[in-house]
Structures are given as structure tokens and as C-alpha cells.
Amino acid sequence: MTAPASSAVPVAAVPAIGVLPPLAQDGGGWSLLIIGGLLVLLLVGLVAFAVLARYVGLWVQCKLTGTRIGLWDLVMMSVRKVNPTVITRSLIMATQAGLLKDYSLTRKQLEAHYLANGNVPNVIKSLIAAQRANLSMDWNIAAAIDLAGRDVLDAVRTSVYPKVIDCPDPKKKAGTLDAVAADGIQLKARARVTVRTNIAQLIGGATEETIVARVGQGIVQAIGSSPSYENVLENPDAISRIVLNQGLEANTAYEIVSIDIADIDVGENIGARLAADQAEADMRVAQAKAEERRAEASAVEQEHVASVQENRAKVVLAEAEVPKAISEAFRGGRLGLMDYYELKNVQADTKMRSAIAGEGAKPNATMQP
């Protein structure tokens, strides 16, 4: 007997025992996954190697010196745009110098100063120098001085080892300080000022130029108040003491240690030259006044000459009336012929006497009837 057709199972529908799926049969898919995982691991390894290559040296230095900076802290410094080498080596320097015992110095303070465009190594070096010299200065003061644009390390060095400033400044055109004593003699002086930094007034204090200007002013004033140039030449220390006692370092970043007069030269006799110039000026004024008086006298003389000419003209006019009067006198019988001749004789005698006297008087108009 045969089985019914409906209960027959197709051979293709039943999977054969020991036959794998298509993915399993093709090993390419698993290979891609394995290769991708290996590439990811390789990339992570390269990143880790790069991090270790960059920061492991600094991290080892921190561990060996006892500086509390971890590997993660170094990585985060780079993320915050902070140079880890600068911060790490500065903090190692502070740790090795023993600054952390006297100052509450932290890594965050160094990073903040670095982000503010400060010179972190220079500030640390200045703190070390101040600690060795027993100067009173902390991190806040040093950082403020550095951010103000001053060289804090040079300031500490100047405070420990004073420096000398030439007065006047050799870089300027004026080579000497010129002053005139009371007797009119010019003196040309050069001074050397020894100063050291005043840490307390370094922020906001005046610079070297102010010191040079004040010392120059004091020297000129002291020489000008001296009664004679000989006193200055005999005792130049007196000028130094006078200038030093004026408190010239007020509101400056320096403390004046000493003022030494390096050289004094005798210049011109300014008093005599001024006296000569004044005499010449007075002479010119006198000449001008004399010329003014001469001009006035000449004007008056011309007026008198004009007046004389006017009077002469009047005399001529009057003399012109004489012949008329004589004619009228003849007609009226008030003048005789003998009287007329006598009058002519008198006129002739007067002319003769004038000629003898040398007066050179001109004859009057002819009196004709």
C-alpha cells in the first residue's frame, strides 16, 4: 500500500544536516569585522602612544620631583590652550627650590597667569631670587608686576645688587648738566646715581627717566644757589648731600642709595657776557634816545628857520612901504629935500659900518621917492 500524496515532505525544504548558512559559508563578512576592529585598536594604540610620547617625559619628571601633576592634567592643559611644558617645568622649579613651603602656589595659579599672557618662568625665578635674598614678595605681587609690563626678575636683581645710572643719560644729546653759580660762572657737571628697586612701589612707580630728571634738576638748583663756583669745585660732596636730602625717590620704583658727582668742568663766564650784552643794549637805547632828541632839535631848528624867513618876508614888505611913505611925506610937505639927503647919508653910513664890521649885511631896498 502506498502513502497519500498530501503527507509527502519535499526534499528541498528540509535542510541537510551539516550544511551552514550562506554568511557562514562565505568568510568575507567576518573578515571585514575583524579588520575593522583591528584598525580601531590600532588607531587607539597610536593615539595612546602619541599621548604617552608627548606627556610621559613630563609626567615622569613630576613623579621624580614630587610635583603633583598627573598625566590627565597634562592632557587637559593642552585642551585649555596652556603649554604643559612651561607650567610643569615652572612648578618643578618652584618645588625643587622649596617655594611651596613659603608660598601657597598652585598649578591653577600658574595656568591663570599663563593665560593672561604672563611670563610664568620669569615670575618663578624672581620668587626664588627674592626668597634667597629674604625680600618680602609673594606670588600676587610678582604676577602683578609681570602683568604690568615690568621685568620682575630684573627688579629683584636690582634690589639685591644696586645698579648705577648716568646723569644725564648718555643716550641723550646733552652730555653734561649745565648750571650757573651766583657769581655768573657756568659749571658743567656729570653725576652717577646708584639706585635699587623698591618692590613696594614698583607697580605704578616712576621709571629711571624720572630719577635722572629729578637728580639733574636738583644738581642745577644746588649749583645755582652756591655763592661762587669755587665753593662747588672745592666741595662737590655738598652738592650730593643737598640733592640726596631732597627726597627725589618719592613715587618712583627705585630707592636712591647715593649720588656721586663724577666730573665738574668750568664753562663760560655767563655773568660777564650777560653784563656786556646788557651794556650794549643800554648803549643802543641811549643812542636811540639821542637820535630822537636830535631829530626833535632839528625839527625845532627848521621851525625857527621858517620863522626867520617869515620875519624877513615881513621886513621886506615893510621896507617896500618906506618909499611910498617918503613920497607922501614930500607931497604933504612933512619932509624936506635936506631931510631926505640926511636920511640917505645915515643909511650910507650904516652900510659902511656894517661892511667894516664884516657882517655882510645886504643893502636894504632902495628908497626912491
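Please refer to the structure higher up on the page.
Residues numbered from 1 in each chain as written. Predicted model: local features only at pLDDT ≥ 70, side-chain atom pairs only at ≥ 80, totals over all residues. Heavy atoms only, no water.

Draft legend 1. Structural view of the environment of A179. Turning to its location among the elements, A179 is positioned in strand β2 (residues 177-180). What makes A179 buried here is its relative accessible area of 4%. Each C-alpha atom of the pair A179 and Q217 lies 9.7 Å from the other, and the pair is 38 residues apart in sequence. Other than its neighbours up to four places away in sequence, A179 contacts I185, Q186, L187, V220 and I223. (Helix = DSSP H or I, 4+ residues; strand = E, 2+ residues; numbered from the N terminus. Buried < 20%, exposed > 50% of the residue type's maximum accessible area, 1.4 Å probe, protein only. Contact = heavy atoms within 4.5 Å.)

Draft legend 2. Just the nonpolar core, in detail. In this structure, V215 and I219 are the most contacted members of the largest nonpolar core, which totals 57 residues. Residue contacts for V215: discarding those within four places in its chain leaves C167, V193, V243, L248, I256 and I259. (Core = buried A, V, L, I, M, F, W, Y, C linked by side-chain atoms within 4.5 Å.)

Draft legend 3. The arrangement of helix α4 (residues 84-97) in detail. Look at α4: 20 Å from first C-alpha to last across 14 residues, which is about the 20 Å you get at 1.5 Å a residue. Of all the residues in α4, the buried ones are P84, I87, T88, S90, L91, I92, A94, T95 and A97. With a side-chain oxygen positioned 3.1 Å from the backbone nitrogen of T85, the residue opening α4 is N83. Taken from the residues just after α4, G98 is the one with a positive phi, measuring 80 degrees. (Expected span 1.5 Å × (residues − 1). Polar contact = N/O pair within 3.5 Å; in protein donor to acceptor, adjacent residues only side chain to side chain.)

Draft legend 4. Up close: helix α13 (residues 270-332). Helix length check: α13 (63 residues) gives 92 Å between terminal C-alpha atoms against 93 Å at 1.5 Å per residue, within 8%. Every buried residue belonging to α13 is among I270, P323, I326, S327 and A329, and all of these are buried. One or two steps after α13, the chain reaches G333, where phi turns positive at roughly 80 degrees.

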